[in-house]
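# Observations on chain architecture
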Amino acid sequence: MRFSMLISLIRPIGPVIVGISLGFTLSLLSVTWVDESCESEGIAASEDILLGQPGSLKGARKPSSISTSTTENGDAEEDFEPRIVPYTKPAQPGQPKKVFRAKYASTELGIRERFFVGVLSSKATLNTLGVAVNRTLSHHLDGRLAFFTGARSRKVPHGMLVITHGDERPVVSMFQTVSFLLEHHVDDFDWFYLVQDDVYTQPDRLKALVEHLSMGRELYMGRPEEFIGGEGQSRFCSGNAGYLLSRALLLKIKPFLDHCRNDIVSVRSDEWLGRCIIDYTNTNCVDELEGLQYSHFALEPTFDLSREESAAFRNALSVHPVSKPDQMYRLHKHFTEIELQRTYEEIEKLQAEIKNVSEVAVDGNRSAHWPVGVAPPFEPKTRFEVLRWDYFTEEQLYACADGSPKCPLVGADRLDVDDIVRTAVAELNRKYAPALRLSKKRLVNGYRRFDPTRGMEYTLDLQLDARTEAGHSGPLTCRVHLLRPLSQVEIIPMPYVTEATRVHLLLPLVSSERAVALRFLDLCASSLFETAENAVLTFLFVYDPLEARHVAQSDVFAEVKAKVAAYERKYPSVKVPWISVKTESPALLRVLDIVSRKHPVDTLFFLATPDTVVTTEFLNRCRMNAISGWQAFFPMHFQDYDPEVAYHDQPPPASPDLVREAGLFDRYSFDEACFYNADYMAARTHMAADTQESRDNEDLLETLDVYDVFVRYSGLHVFRAVEPALHQRYRNRTCNPRLSEDAFHRCVQSTLEGVGARTQLAMLLFEQEPGNST
């Protein structure tokens, strides 16, 4: 009874007792017990947090406490204060050297170009055979091509690197040539090919030979020839066939080159070089190495190119002697055709191999795309990437550059379609001959599209006239697919230009353009004068005889000249010169002839109009795209539409955006141009030479514009491109009726298209109709 009463009393507080007991148990288990030895020297408790003080648990850490140190008297020290220990940089034995990084990765990795070609020429043959060698080699070789002569020629051919030694003796000239290669190019090339200018070299075979040779080998390769007297087994490479020298070989003879010059006596330069190589490197001339053959063919006086079919000639790497440049060009044409035919045969073999391999592929023949060996067609990822097919017939094109639904098939498009139709018929005849003989009657349908991964694709529906061997004939309609593949991209070397050239802006003005010229001057002040741009603005004031007669009383350009003087006072470093010209017919070429004579030949001109908006960005592109002796730049400016048409009862923006509602790039305008004075003078000289009679020359001055002069008479690259940084405001202009028919048509077309977009003009016509409103 009592026990049950006790249980009933304890039961409510039982969980509390159990919890307290469990808590004490866990706290005891969490205490770290350390068995410390007590030493007489009394070690004070340090930052260890182990306590050995009397009255405390032996060696136990007091929970939630910080250990303190005591003095000898038992007094506690001051409270612990943390302090920051400064980091001391470990002493270094010395400052590390600055690491030099090369400008190009190829330099840092030690990658050199494949080979250097040196042509041994002379003053008498540099402008004949030397030019022929340059034209047959320079466009096919990846390395450097240079010409070495003993005496300087009065006229150096354009585009050729000519090194003159100043001594015409063959051995001295050869010594200086090898010294030049060792000093300037031995670290840049793996192989050096030396050849005379009366030797034709097949460039593709030379490249194939070099690509299969080890660059580290000491090799002296050419046509072996015995020394005079035939002593021993030594052979040198004859200069009549050209010879190949490795970089390792040149580096090995470098220390002994002066000894060779002083000790070796020879009349022939190739024999002297061979003796030097053999004496100091023990390397003889060879014409075969590991299955690679250096093939040479010697021409006989009775040689006939059309009848020569020997294997030695067809496989020759070099041919000697070539007496005339015409013979060099004929040899190059012949060997190029041989290499082209071999390339076609290799392509056919590779295509056959691809077809055979595709038979055992997982997808079978579907794994081989048509044409075999060409990249597969572009596969669009979205509906916006689908390539568009353009429809055409023999007379019409249904995809026009100006957005018209239909336009005549003319120019390059017509030539392209005619060529592809002829090719299609020829391929069909080649495939079905001799069973069928096909001839084109007409093109029913034509489709084409440009695939950036493959080239231009065509689908043609041809109506043909088929004739059998038995003489039966009848109509036949078939569909053919053709591809004009993209060829290998070629990087054309261009002369070096910078953006530091001063630009001379030329602005021809007639009296009717005075108001526009004031606005042009204000724009130049903000974009050129304030920014101290490296450019000079020159006004060309064109007076007719009546205006010139009264220039002292009332100058029609007085307001423009006054504003020029005001800007010169505002910007003391700016000078704006002007040139006054009196002429009855304000032909632009007449004015430019006068300006050209007043400037140096290396002056860069930018021909502008009063409506042109000049910016620094465009001037930089003018400097980069106009190259003296190489290229003239005719930019395609962005032409503003008539504000009354483009914005129609809305205020036009201060600076219109490059959108189709605001304007267009005017492909019919050739008013702006960047060119050098020397190029213009050369073109005018050729123009004057072609027009012997003064009357014809005067007529051309009236009818031609600057663009026609450069296209017809300069011989330069005429670079025509869209220029977003060049802007021209709208102004209703009048075309000069004295221009040539083409120039006048371009001017009229430019004026008409500059009024407004077709949709904007159509909307204006719609609103003018009675009962219509928007």
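Owing to the predicted nature of the structure, the values given are computational and were not obtained by experimental measurement. (Residues numbered from 1 in each chain as written. Predicted model: local features only at pLDDT ≥ 70, side-chain atom pairs only at ≥ 80, totals over all residues. Heavy atoms only, no water.)

Our next topic: the overall build of the protein chain. When its secondary structure is counted, the protein chain shows 23 helices and 28 strands. Here the protein chain holds 774 residues, and the buried ones make up 39% of them. Summing over all exposed atoms, the protein chain offers an accessible surface of approximately 47,400 Å²; the carbon and sulfur share of this is 54%. (Helix = DSSP H or I, 4+ residues; strand = E, 2+ residues; numbered from the N terminus. Buried < 20%, exposed > 50% of the residue type's maximum accessible area, 1.4 Å probe, protein only. Areas by Shrake-Rupley, 256 points an atom, 1.4 Å probe, with all protein chains shown as cover.)

Now for the packing of helix α16 (residues 588–597) against helix α19 (residues 677–690). Following both chains from N to C, one finds α16 and α19 inclined at 125°, their axes separated by 11 Å at the closest point. Viewed along their axes, α16 and α19 adopt a mutual orientation that is oblique. Read as a crossing pair, α16 and α19 show a hand that is left-handed. Across from Leu 589, Leu 592, Asp 593 and Ser 596 in α16, the residues of α19 making contact are Asn 677, Tyr 680, Met 681, Arg 684 and Met 687. For the contact of α16 with α19, the class distribution of residues is five nonpolar, two polar and two charged. (Axes fitted to C-alpha atoms, helices over the stretch in contact; angles between N-to-C directions. Parallel < 35°, antiparallel > 145°, perpendicular 65-115°, else oblique. Left-handed = near helix turned anticlockwise from the far one by under 90°. Contact = heavy atoms within 4.5 Å. Nonpolar A, V, L, I, M, F, W, Y, C, P; charged D, E, K, R; others polar.)

Two modes of strand pairing occur in sheets, parallel and antiparallel, and in both the strands are linked by backbone hydrogen bonds. Spatially, three strands are ordered β5-β13-β12 in an open sheet, and the strand pairing comes out mixed. Since the sheet does not close on itself, it has two edges, and those belong to β5 (200–201) and β12 (296–298), each with one partner. As paired strands, β5 and strand β13 (residues 318–320) are joined by two bridges and run antiparallel to one another. Among the inter-strand pairings, Tyr 200 is bridged to a residue of β13, identified as Val 319. (Pairing = 2+ DSSP bridges.)

Before going further, it helps to examine unusual backbone geometry. At the junction of His 320 and Pro 321, the peptide bond is cis and its omega measures out at 0° in the coordinates. Looking at where Pro 321 falls in the secondary structure, it is placed in the loop between β13 and α11 (325–359). Of note, the bond from Ala 433 into Pro 434 is cis; its omega dihedral lies within 30 degrees of zero at 0°. Note on placement: Pro 434 falls in the loop between α12 (411–432) and β17 (436–451). In this model, Asn 282 sits at a positive phi of 55°, which is unusual for a non-glycine residue.

Quick look at the side chain of Asp 197 now. Assignment of secondary structure puts Asp 197 in the loop between β4 (189–196) and β5. An unpaired buried charge is present at Asp 197: no salt bridge exists, and Arg 135, the closest side chain of opposite charge, is 14 Å distant. A distance of 2.5 Å separates polar atoms of two side chains, one belonging to Asp 197 and the other to Thr 125. If we ignore the near neighbours within four places in the chain, the residues touching Asp 197 are Val 119, Leu 120, Ser 121, Ser 122, Thr 125, Leu 129, Gly 130, Val 133 and Met 328. (Lys, Arg positive; Asp, Glu negative; His and termini not counted. Salt bridge = Lys/Arg side-chain N within 4 Å of Asp/Glu carboxyl O. Polar contact = N/O pair within 3.5 Å; in protein donor to acceptor, adjacent residues only side chain to side chain.)

Glancing now at α11. The first and last C-alpha atoms of α11 sit 51 Å apart over 35 residues, in line with the 51 Å expected at 1.5 Å per residue. Inspection of α11 places Gln 327, Met 328, Leu 331, His 332, His 334, Phe 335, Ile 338, Glu 339 and Ser 358 among the buried residues, and these make up the whole buried set. Buried-residue contacts for α11 involve α4 (126–137), β5, α6 (203–211), α10 (311–314) and β13. (Expected span 1.5 Å × (residues − 1).)

A few words on the side chain of Glu 457. Locating Glu 457 in the fold gives a position in strand β18 (residues 455–468). Only 2.7 Å separates the side chain of Glu 457 from the side chain of Arg 454, close enough to count as a polar contact. Excluding residues within four positions of it along the chain, Glu 457 makes contact with Pro 377, Trp 389, Tyr 447, Arg 448, Arg 449, Asp 451, Leu 482 and Leu 483.

This brings us to the confidence of the model for the protein chain. Note: predicted coordinates in regions of low pLDDT should not be interpreted at a detailed level. Taken residue by residue, the protein chain gives an average pLDDT of 81. The fraction at 70 or more is 84%. When the criterion is pLDDT under 50, residues 32–77 qualifies, and its contacts beyond four places in sequence or with other chains add up to 32 contacts. (pLDDT = per-residue confidence, 0-100.)

Let us look at the pairing of strand β27 (residues 673–676). Neither face of β27 is left uncovered, since the one carrying Ala 673 and Phe 675 and the one carrying Cys 674 and Tyr 676 both have all their residues buried. Strand direction decides the pairing type here: strand β23 (residues 604–607) and β27, joined by four bridges, are antiparallel. What sits directly across from Leu 607, in β27, is Ala 673.

Another aspect to go through is the environment of Pro 737. In this structure, Pro 737 sits in the loop between β28 (717–728) and α22 (741–753). Once the C-alpha coordinates of Pro 737 and Cys 747 are considered, the two residues, 10 residues apart in sequence, prove to be 10.0 Å apart.

Before going further, it helps to examine the packing of aromatic side chains. Using the criterion set out here, one finds 31 aromatic pairs in the structure. Ring centres of Tyr 220 and Tyr 243 lie 6.4 Å apart, and the angle between their planes is 80°; on these two criteria the pair is classed as edge-to-face. Of this pair, Tyr 220 sits in strand β6 (residues 220–221) while Tyr 243 sits in strand β9 (residues 243–246), placing them 23 residues apart in sequence. Accessibility assignment for this pair places Tyr 220 and Tyr 243 in one class, buried. Members of the aromatic cluster, each reached through a chain of ring pairs, are Phe 605, Phe 634, Phe 670, Phe 675, Tyr 680, Tyr 707 and Phe 710. Between Arg 275 and the ring centre of Phe 227, over which it is positioned, the NZ or CZ distance is 4.1 Å. (Phe/Tyr/Trp six-rings, centres within 6.5 Å; stacked < 30°, edge-to-face > 60°. Lys NZ or Arg CZ within 6 Å of the ring centre and 35° of its normal.)

Here we come to the packing of α19 against helix α21 (residues 706–713). Two elements in contact, α19 and α21, have axes separated by 9 Å at closest approach and are oriented at 75°. Looking at the two axes, α19 sits roughly perpendicular to α21. Contact with α19, carried on its side by Asp 679, Tyr 680, Ala 683, His 686, Met 687 and Asp 690, involves Val 709, Phe 710 and Tyr 713 of α21 and no other residues of that element. Residue composition of the contact of α19 with α21, grouped by class: six nonpolar, one polar and two charged.

Bringing the pattern of salt bridges into the picture now. A complete count under the given rule lists 39 salt bridges for this structure. One salt bridge connects Arg 275 with Asp 279, and the closest N-O pair in it is separated by 3.5 Å. You can see Arg 275 and its partner Asp 279 sitting in helix α9 (residues 269–281), four residues apart, about one turn around the helix. With a relative accessible area of 17%, Arg 275 lands in the buried category. Salt-bridge contacts for Asp 413 lead to Arg 448; the nearest nitrogen and oxygen are separated by 3.0 Å. Highlighted residues: Asp 413 in helix α12 and Arg 448 in strand β17, separated in sequence by 35 residues.

Ranked by size, the top nonpolar core spans 40 residues in total, and within it Val 117 and Val 319 carry the most contacts. Put simply, the parts of the chain that give this core at least two residues each are β1 (113–120), α4, β2 (144–149), β4, α6 and α11. When residues no more than four places from it in sequence are discounted, the contact partners of Val 319 are Asp 198, Val 199, Tyr 200, His 296, Phe 297, Leu 299, Phe 313, Leu 331 and Phe 335. Ranked by size, the runner-up nonpolar core spans 38 residues in total, among them Leu 505, Leu 518, Cys 524 and Val 614. (Core = buried A, V, L, I, M, F, W, Y, C linked by side-chain atoms within 4.5 Å.)

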